[in-house]
Amino acid sequence: MMNWADTAARLRRNGVLGINWRNAEYTLPYNRRDRYPLVDDKVLTKELAMGAGVAVPELYGVIEIQRQVRDLSAILEKHRDFVVKPARGSQGDGIIVVTGRSRALYRSADGSLLDDEEMSFHVSNIISGIYSLGGQTDKALIEYRMRRYGGERPSFETIVATGPRAALPHARATSRRLRPKEFILMDLGVILSGYASDMTRTVFLGKAPAKAARVYRAVKEAVEEAEQQVASGRTAGSVDQAARRVLRRYGYERYFTHSLGHGLGREVHELPRVGRGQATPLPEGATITIEPGVYLEGYGGVRIEDVVVVRKGGAELLTPTSKELMEL
Ligand SMILES: [Mn+2]
């Protein structure tokens with residue numbers, strides 16, 4: 001039997017590097033952290049490599065949303081051997097290597113045979129994110145995009161919370177993997193010209209069942225109703241009440257566990273306070289968030305957050321993003 005340490009030493013002497021050694025000494029020092037998202041997305045990596053004249057395997061097709069899964073067999077039809085992989089997978093999960101065909105079936109490298117339906121199901125699962133790197137990557141991707149579109153830096157640590165973690169109002173991104181049929185809550189903000197923004201949207205992975213759709217509808221109505229109530233001279237407390245009234249109708253009021261919003265400007269949290277019992281009138285020109293949420297322990301949560309400017313006759317909405325339920 002070979003002695004492991006001896007073998008390693010001998011390999012080292014002959015200039016052969018182990019993976020850890022390679023990563024620590026040769027790769028990491030040249031990799032800027034803010035560029036990580038570029039390699040986490042393999043489609044993007046491929047585009048960059050091709051742009052730089054680096055030889056990479058030809059890309060036969062990219063499937064990004066469930067609807068495109070229908071086109072899968074048409075894309076694969078022309079190819080006998082190919083690899084199907086998630087653009088943002090981790091540790092090789094979700095990869096199928098097809099080495100040939102057997103009539104209408106695909107033969108994978110491990111010898112199993114798959115039909116079109118199984119292949120489509122696999123790709124559907126990839127899109128649903130079950131092989132994805134999880135919240136950390138999504139957070140990195142969001143922050144990369146902020147900079148790409150001119151933002152100076154995030155105005156606070158980006159929150160991406162999935163599934164039951166979405167029930168934690170201040171959840172931090174973790175490496176928890178996405179699963180189909182759950183909420184993904186994203187709370188983010190960016191500094192632009194010295195001023196902070198703040199917004200939250202919650203999307204559903206897959207088709208939302210009745211309960212999820214109802215929770216979402218309650219929060220959406222609450223944010224819309226509260227925004228209707230915003231005008232200079234009105235009290236922040238009355239705006240907060242408007243949101244709670246809607247949630248009460250749905251039976252969710254006690255699951256809305258924080259205040260409705262806050263002022264923001266040079267800082268992400270400024271006066272005025274926008275919460276229960278705040279009796280000072282909202283000043284004209286104040287910029288505030290409206291962010292009701294419903295958090296169901298062990299199930300998930302929904303928060304929708306906009307930024308509005310308090311005007312004489314009402315609210316001027318600064319967040320252009322749709323509040324319709326997005327089912328991915
Ligand atoms: Mn906020």
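Sequence positions are assigned chain by chain, starting from 1 and proceeding in written order. Side-chain atom pairs in this predicted model are given and counted only at pLDDT of 80 or more, local residue features only at pLDDT of at least 70, and totals for whole chains, interfaces and linings cover all residues.

In this section: the overall build of the chain. Counting its regular elements, the chain contains nine helices and 17 strands. Considered along the principal axes of its C-alpha atoms, the chain spans approximately 80 × 50 × 40 Å. Within the chain, the proportion of its 328 residues that are buried is 31%. In DSSP terms, a helix is any run of H or I states spanning at least four residues, a strand is any run of E spanning at least two, and both are numbered starting from the N terminus. With C-beta atoms placed from the backbone, a residue is labelled by how many other C-beta atoms lie within 10 Å of its own: buried for 20 or more, exposed for 12 or fewer, partly exposed between the two.

Its location among the elements puts P37 in helix α3 (residues 36–40). In the structure, P37 is positioned 51 residues away from R88 in sequence and 9.3 Å away in space, judged by C-alpha atoms.

Note on pairing: DSSP must find at least two bridges between two strands before they are called paired. On the basis of which strands lie adjacent, the open sheet formed by three strands has the order β5-β8-β9 and antiparallel pairing. A strand with exactly one partner marks an edge of an open sheet, and here the two such strands are β5 (153–154) and β9 (195–196). Bridge count between β5 and strand β8 (residues 190–192): two bridges; the pairing is antiparallel. Bridge pairing in β8 places P154 opposite V190.

Turning to the domain arrangement of the chain, a few remarks are in order. In this entry, domain limits derive from an automatic or database-based domain assignment. Assigned domains of the chain: these are domain 1 (1–30), domain 2 (32–127) and domain 3 (135–317). Each of domain 1 and domain 2 has a C-alpha centre, and these two points are 32 Å apart.

Taking burial as the measure, the seven residues of strand β7 (residues 182–188) include seven buried ones, the bulk of the element. Side chains of β7 alternate between two faces, with E182, I184, M186 and L188 and F183, L185 and D187 buried alike. Bridging between strand β6 (residues 159–162) and β7 involves four bridges; their strand directions are antiparallel. Residue pairing for β7: I159 is matched across the bridge by D187.

Once that is clear, we can look at the sheet that holds strand β1 (residues 82–84). Read across the open sheet, the four strands follow the order β1-β2-β3-β4; overall the sheet is antiparallel. In this open sheet, the two edge strands, each paired with only one partner strand, are β1 and β4 (113–114). The pairing of β1 with strand β2 (residues 96–102) spans three bridges and is classified as antiparallel. Within β2, the residue paired with V83 across the bridge is V97.

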